[in-house]
Amino acid sequence: MDIKKAAVIGGGTMGNGICHVFAMNEITIHLVEMNQELANKAVATIDQNLDRMVTKEKIDESKKEETLDRIITFTDTAEAVAKVDLVVEAVPENFELKKKVFAEVDQAALDKTILATNTSSISITKLAATTSRPGQFIGMHFFNPVPVMKLVEVVRGLDTNEETVNTITETARLLDKNPVEVADYPGFVSNRVLMPMINEAIYCIYEGVAEPQDVDQVMKLGMAHPMGPLRLADFIGLDVCLDILNVLHDGFKDPKYRPCPLLVKMVDAGKLGDKTGEGFYEH
């Protein structure tokens, strides 16, 4: 199935980036937010990111305007998803919230519509089971910043059918992304590998082994990482890191995924990284 029209539920950091890449690749996109103010903010972010691309001569002004023209904002989810080929959910990492979103989407969308989640850690199979179409349910995990990062994890749930996998794989390629198919286990591949590294870096701070900038320097200069794990944690959001580690810990029942107490304390204190201006670094 060719995806000609899609809806994205949530216009935050990931959601607006997903809208950006769909619209820039000639797919009409319905951007859904809780209110018009948030929807306008999401479009403004896309506008700014497109301006950067114009400045860098990656696109011209006409391409920017064509991209923005393909984005239509909605505050009514049912109306937004009624006639689209694909719905991508990009709300916060909370199972109950996602379940509520998909209950409304499942009821309002066409029978042929594929439902995808951008979750970075929650079980695709578990989310799919809350809908009437588990065969047409899939993980489509983009990476931040979406317009720049090339990877999309295509996560097959227990009942995801072959046509859905093929459609999402081809759609990712159409968006100029590199799709990698992975099985549905906690954290998939990306966060199953990344989050324990971030957690161990936090333990280095917790145990007084080194300062944040020194831990990051070791990983950048010694391991050729473009960004140190603690700076990356701030960029992702310490609350998001904690949520993912909790999913890994609950899913595998393995103590190696237990979140560092310092991470828990920082989230409790509201020091979440870039989004609050303070985490392991001041921003």
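Everything numeric here is computed off the predicted structure, so don't read it as measured data.

Student: Can you help me understand the packing of helix α9 (residues 212–223) against helix α10 (residues 229–236) in this one?
Tutor: If you want to describe how two helices pack, look at the angle between their axes and the distance between the axes. Taken N-terminus to C-terminus, the directions of α9 and α10 make an angle of 110°; their axes are 7 Å apart at the nearest point. In terms of axis orientation, α9 runs roughly perpendicular to α10. The segment α9 lies against α10, with Pro 212, Val 215, Asp 216 and Met 219 engaging Pro 229, Leu 230 and Arg 231.

Student: Please explain helix α3 (residues 61–69) as it appears in this structure.
Tutor: One full turn of an α-helix is made of 3.6 residues, so residues set three or four places apart face in the same direction. Regarding α3, the residues found buried are Lys 64, Thr 67 and Leu 68. Down the axis of α3, the buried side of the element spans an arc of 95°, and every buried residue falls inside it. Of the surrounding elements, those touching the buried residues of α3 are α1 (13–24), α2 (36–55) and β3 (71–74).

Student: For this particular structure, what's the right way to read the pattern of salt bridges?
Tutor: Between side chains of opposite charge, pairing is possible as soon as their charged atoms come close. Inspection of the entire model under this criterion finds 15 salt bridges. The partner of Glu 61 in a salt bridge is Lys 64, and the shortest N-O contact between them spans 3.9 Å. Of this pair, Glu 61 and Lys 64 both sit in helix α3, three residues apart, roughly one helical turn. Accessibility expressed as a relative area gives 41% for Glu 61, which makes it partly exposed.

Student: Explain the UniProt feature "domain: 3-hydroxyacyl-CoA dehydrogenase NAD binding" (unreviewed entry) in the protein here, please?
Tutor: UniProt annotation of "domain: 3-hydroxyacyl-CoA dehydrogenase NAD binding" (unreviewed entry) refers to residues 5–184 when read in the numbering used here. The distance from the first to the last C-alpha atom of residues 5–184 is 27 Å, and the span holds 43% helix and 22% strand.

Student: What's the story with the UniProt feature "domain: 3-hydroxyacyl-CoA dehydrogenase C-terminal" (unreviewed entry) in the protein in this structure? I'm lost.
Tutor: UniProt's entry tags residues 187–282 with the feature "domain: 3-hydroxyacyl-CoA dehydrogenase C-terminal" (unreviewed entry), counted in the numbering of this structure. In the segment residues 187–282, helix accounts for 62% and strand for 0%; the C-alpha atoms at its two ends are 28 Å apart.

Student: Would you take a moment to explain helix α8 (residues 190–206) for this structure?
Tutor: Over its 17 residues, α8 runs 24 Å from end to end, which matches the ideal 24 Å to within 8%, given 1.5 Å per residue. Listed in full, the buried residues belonging to α8 are Ser 190, Asn 191, Met 195, Ile 198, Asn 199, Ala 201, Ile 202, Tyr 203 and Ile 205. Note on α8: the residue one or two positions beyond its end, Gly 208, has a positive phi of about 75°.

Student: Where do I start with the sheet that holds strand β2 (residues 28–32) in this structure?
Tutor: Whenever strands of a sheet pair, they do so through backbone hydrogen bonds, lying parallel or antiparallel. The eight strands are arranged β3-β2-β1-β4-β5-β6-β7-β8 in an open sheet whose pairing can be described as mixed. Of all the strands in the sheet, just β3 and β8 (178–183) have a single pairing partner and so form its edges. Between one strand and the next, the sheet's axes are offset by a mean angle of 25°, whatever the strand orientation. Strand direction decides the pairing type here: strand β6 (residues 137–141) and strand β7 (residues 151–156), joined by four bridges, are antiparallel. Across the sheet, His 141 pairs through a bridge with Glu 153, a residue of β7. The sheet strands contacting helix α5 (residues 95–108) are β1 (5–9), β4 (86–89), β5 (114–117) and β6, and the helix crosses β5 at an angle near 165°.

Student: Quick question: what am I supposed to make of the packing of aromatic side chains here?
Tutor: Each aromatic ring pair is characterised by the separation of its centres together with the angle its planes make. Summed over the entire model, instances satisfying the criterion amount to three aromatic pairs. Their ring planes at 75° and their centres at 6.0 Å tell us that Tyr 203 and Tyr 206 sit as a pair that is edge-to-face. Taken together, the positions of Tyr 203 and Tyr 206, both in helix α8 and three residues apart, correspond to about one turn of that helix. The ring of Phe 95 carries the charged tip of Lys 126 above its face, separated from the ring centre by 4.4 Å.

Conventions adopted
- Residues numbered from 1 in each chain as written.
- Predicted model: local features only at pLDDT ≥ 70, side-chain atom pairs only at ≥ 80, totals over all residues.
- Heavy atoms only, no water.
- Axes fitted to C-alpha atoms, helices over the stretch in contact; angles between N-to-C directions.
- Helix = DSSP H or I, 4+ residues; strand = E, 2+ residues; numbered from the N terminus.
- Parallel < 35°, antiparallel > 145°, perpendicular 65-115°, else oblique.
- Contact = heavy atoms within 4.5 Å.
- Buried < 20%, exposed > 50% of the residue type's maximum accessible area, 1.4 Å probe, protein only.
- Arc of directions from axis to C-beta.
- Salt bridge = Lys/Arg side-chain N within 4 Å of Asp/Glu carboxyl O.
- UniProt positions renumbered as here; feature names shortened; annotations may be inferred.
- Expected span 1.5 Å × (residues − 1).
- Pairing = 2+ DSSP bridges.
- Phe/Tyr/Trp six-rings, centres within 6.5 Å; stacked < 30°, edge-to-face > 60°.
- Lys NZ or Arg CZ within 6 Å of the ring centre and 35° of its normal.

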